[in-house]
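# Summary of structural features
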Amino acid sequence: MINDQLSRNFKYLRISITDKCNYRCSYCMPKDIFGKDHQFLQKKELLTYEEIIEVVKILKRYGLEKVRLTGGEPMLRKNIELLIKGLKDEALVNQVSITTNGSLLDHDKIRLLKTNGLDAITISLDSLSQDTTDELNPTNNNIPKVLSSIDSALKIFGTLKINMVVIKNKNSHEIIDMVKKFLHKNIELRFIEYMDVGESNNWDYENVFTSKENIDLIKEYYSMSKIVVTKDSTSEKWQLDKYPLSIGFISSISKPFCSNCNRGRLSADGKFYTCLFSDAGYDFAGYIRNKNLSLGEYFEKIWLERNDQYSQLRFTKKIIKNKKNKVEMSYIGG
Ligand code: SAM
Ligand code: SF4
Ligand code: SF4
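A quick note: this is a predicted structure, and the numbers were derived from the prediction, not measured. (Residues numbered from 1 in each chain as written. Chains lettered and ligands numbered in written order. Predicted model: local features only at pLDDT ≥ 70, side-chain atom pairs only at ≥ 80, totals over all residues. Heavy atoms only, no water.)

We now examine the overall build of the chain. Scanning the chain from N- to C-terminus turns up 11 helices and 12 strands. For 334 residues, the compact-globule estimate of 2.2 N^0.38 gives 20 Å, and the chain sits close to it at 19 Å. If you line up the chain on its principal axes, its C-alpha atoms span 60 × 50 × 45 Å. Long-range contacts, defined here as pairs at least 24 residues apart, represent 74% of the contacts in the chain between residues at least 6 apart. As displayed, the chain offers around 15,300 Å² of accessible surface, 49% of which is attributable to carbon and sulfur atoms. (Helix = DSSP H or I, 4+ residues; strand = E, 2+ residues; numbered from the N terminus. Rg over C-alpha atoms; globule rule 2.2 N^0.38 Å. Contact = heavy atoms within 4.5 Å. Areas by Shrake-Rupley, 256 points an atom, 1.4 Å probe, with all protein chains shown as cover.)

Spelled out as structure tokens, the structure:
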């Protein structure tokens, strides 16, 4: 176990395995910026699966317990099941999960991920209507396919999380439709406050639909009770009375959780970030590729010096935009 400057121990690594995506969500990779001239990472720059597994093996010595594969769209990377298998069988990670937009999954693929050791799956879905989707996720023209992935994941894993980023007056009117849709399913539907990640989404505080507004809205339709969660959980959880659906609220803007943030992030080209809002990463790829360097010692020094608390500072100082050159979500991994 290793503690940073704010006594937060390291437990969790989110790994972006590609910065590419088949979607162009307006809040993450707006299509005017991530167009045909955008320079994505080249294949030779990406960490190989063997290198990722090696990094994880080393970080396990410092308390790492959970890994989440993300991106970009992680399902764009070939044979991802081999990475999952290596993380479980070689790096001996306790929990491996994935966040995906669900468009590239089918029943057989989900089963393959599970048999290779995947513990849990999160599928992102911001709307059930094509009109809203055309505005928010303009390249998603197949909501039924995503819904079918959700059903398959539910059958295979018994439960799953669904992420919905809520943007005021864009999809906030669909919150109740989403609750209704999954009411009878053993799912955790998570509403995420729209965040100021990166520099390209033109984020404005005015567009944030807060968790408080969200909870008040749902309570007009359904009764629900708060569930006690672990100290390091990033979401507040509620259980709908009389239904299997539970609801999570991720309130990075209105109720920051920096004081319990035990996570690091690894980009697809092997840079390590100590915060989602970092503007520079540490060169893990260089360390893992040079046998004369010790990645363990390098990591230890970084974590011991870590003092990031961007969301908390934004909140307490009421600063709406206080930092420039933040890396993009699709690169650092959401
Ligand atoms: N492509 C995959 C997906 O969409 O699930 C994985 C990567 S995506 C960056 C991971 C999560 O970050 C998604 O649930 C997405 O909705 C969320 N996300 C992206 N940009 C965001 C933003 N500006 N604010 C809040 N959540 C965001
Ligand atoms: Fe792609 Fe996920 Fe970003 Fe949407 S949120 S553009 S699906 S990486
Ligand atoms: Fe962690 Fe940074 Fe987010 Fe705070 S702002 S919760 S330190 S990633």
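Moving on, we come to the site of ligand 1. In the vicinity of ligand 1 lie 19 residues, with Gly72, Ser124, Asn163, Val165 and Met195 positioned nearest. Measuring from a nitrogen atom of ligand 1, one finds a backbone N or O atom of glycine 72 at 3.0 Å. A distance of 3.3 Å is found between an oxygen atom of ligand 1 and a backbone nitrogen or oxygen belonging to threonine 100. Where the shell around ligand 1 is concerned, the elements lending two or more residues are β3 (95-100), β5 (160-166) and β6 (187-193). (Near = heavy atom within 4 Å. Polar contact = N/O pair within 3.5 Å; in protein donor to acceptor, adjacent residues only side chain to side chain.)

What follows covers the packing of aromatic side chains. Under the criterion given, the structure shown has 14 aromatic pairs. Each ring, one from tyrosine 222 and one from tyrosine 243, has its centre 6.2 Å from the other, and the planes form 90°; the classification is edge-to-face. Of this pair, tyrosine 222 sits in the loop between α7 (211-221) and β7 (224-227) while tyrosine 243 sits in the loop between β8 (236-240) and β9 (246-250), and the two are 21 residues apart along the sequence. Of the residues examined, tyrosine 243 reaches a relative accessible area of 29% and is grouped as partly exposed. On the basis of an interplanar angle of 80° and a centroid distance of 5.7 Å, the ring pair of phenylalanine 272 and phenylalanine 299 is categorised as edge-to-face. Placement of the pair is phenylalanine 272 in strand β11 (residues 271-273) and phenylalanine 299 in helix α9 (residues 295-305), with a sequence separation of 27 residues. Judged by relative accessible area, phenylalanine 299 falls into the buried class, the value being 0%. (Phe/Tyr/Trp six-rings, centres within 6.5 Å; stacked < 30°, edge-to-face > 60°. Buried < 20%, exposed > 50% of the residue type's maximum accessible area, 1.4 Å probe, protein only.)

Next up on the list: the sheet that holds strand β1 (residues 12-16). With respect to topology, 12 strands assemble into an open sheet ordered β7-β8-β9-β6-β5-β4-β3-β2-β1-β10-β11-β12, the strand pairing being mixed. Bordering the open sheet on either side are β7 and β12 (282-283), each of which pairs with just one other strand. Strand direction decides the pairing type here: strand β2 (residues 66-70) and β3, joined by 4 bridges, are parallel. Within β3, the position partnered with valine 67 by the bridge is valine 96. Packed onto the sheet, α7 meets β5, β6, β7, β8 and β9 and runs at close to 160° relative to β9. (Pairing = 2+ DSSP bridges. Axes fitted to C-alpha atoms, helices over the stretch in contact; angles between N-to-C directions.)

Grouped together as the largest cluster of nonpolar side chains are 105 residues, with contacts concentrated most on Val56, Leu69, Ile150, Val179, Phe191, Ile218 and Phe284. Counting residues per element, this core draws most heavily on helix α5 (residues 143-157), at 8 residues. (Core = buried A, V, L, I, M, F, W, Y, C linked by side-chain atoms within 4.5 Å.)

With that out of the way, let us pick up the pattern of salt bridges. By the definition in use, this model includes 18 salt bridges. Each of Asp4, Arg8, Arg306 and Asp308 takes part in one network of salt bridges that share partners. (Salt bridge = Lys/Arg side-chain N within 4 Å of Asp/Glu carboxyl O.)

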